[in-house]
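# Secondary and tertiary structure notes
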Amino acid sequence: MNADGATGWEYAVLDGGPANGLRMRVADRPGVIQVTYPCAVDGPAGGAQVEALYVYRRDSRVHREPLRYGFDVASP
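Because the structure is a prediction, the values reported are computed rather than measured.

On to the pattern of salt bridges, then. Think of it this way: side chains of opposite charge can pair up when their charged atoms draw near. Going through the model one piece at a time under the given rule, you end up with four salt bridges. Between R29 and E10 there is a salt bridge, with the nearest N and O atoms lying 2.8 Å from each other. Of the two residues, R29 sits in the loop between β2 (23-27) and β3 (32-39) while E10 sits in strand β1 (residues 9-15), which places them 19 residues apart along the sequence. On the basis of relative accessible area, R29 is assigned to the partly exposed category, the value being 24%.

This is the structure in structure tokens:
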């Protein structure tokens, strides 16, 4: 933490799922990260966009960089 109590930016790595190995910077150690991928739409969508949503949860046992986020297989 810095002097004003904010955690600041830290590096994190995603484990498993479609974004396995992705590295990023996160602020304030979020408990959950959502990853989306665009999906192809066949037929008249009327301008709608469809994305697949994947959820990664922070491994609370990791306290140093890189933080680790594991794929939640129960993602919607």
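Read on for the rest.
Our next topic: the packing of aromatic side chains. Applying the stated criterion across every chain, the model contains three aromatic pairs. Pairing Y54 with F71 gives two aromatic rings, centres 6.2 Å apart and planes at 50 degrees, and the pair type is tilted. Placement of the pair is Y54 in strand β4 (residues 50-58) and F71 in strand β5 (residues 67-71), with a sequence separation of 17 residues. Residue placement shows R25 over the ring face of W9; its charged tip is 5.1 Å from the ring centre.

Topologically, Y37 is positioned in strand β3. Taking the C-alpha atoms as reference points, Y37 and A19, 18 residues apart in sequence, are found 9.6 Å from one another. Not counting chain neighbours up to four residues away, the residues in contact with Y37 comprise P18, A19, V50, E51, A52 and Y54.

This paragraph deals with unusual backbone geometry. In this chain, E65 is followed by P66 through a cis amide linkage whose omega measures -5 degrees. Mapped onto the elements, P66 comes out in the loop between β4 and β5. One non-glycine residue, D28, lies in positive phi territory at about 60 degrees. In the Ramachandran plot, R29 falls in the positive-phi region, its phi being about 45 degrees despite a non-glycine side chain.

What counts as what
- Residues numbered from 1 in each chain as written.
- Predicted model: local features only at pLDDT ≥ 70, side-chain atom pairs only at ≥ 80, totals over all residues.
- Heavy atoms only, no water.
- Salt bridge = Lys/Arg side-chain N within 4 Å of Asp/Glu carboxyl O.
- Helix = DSSP H or I, 4+ residues; strand = E, 2+ residues; numbered from the N terminus.
- Buried < 20%, exposed > 50% of the residue type's maximum accessible area, 1.4 Å probe, protein only.
- Phe/Tyr/Trp six-rings, centres within 6.5 Å; stacked < 30°, edge-to-face > 60°.
- Lys NZ or Arg CZ within 6 Å of the ring centre and 35° of its normal.
- Contact = heavy atoms within 4.5 Å.

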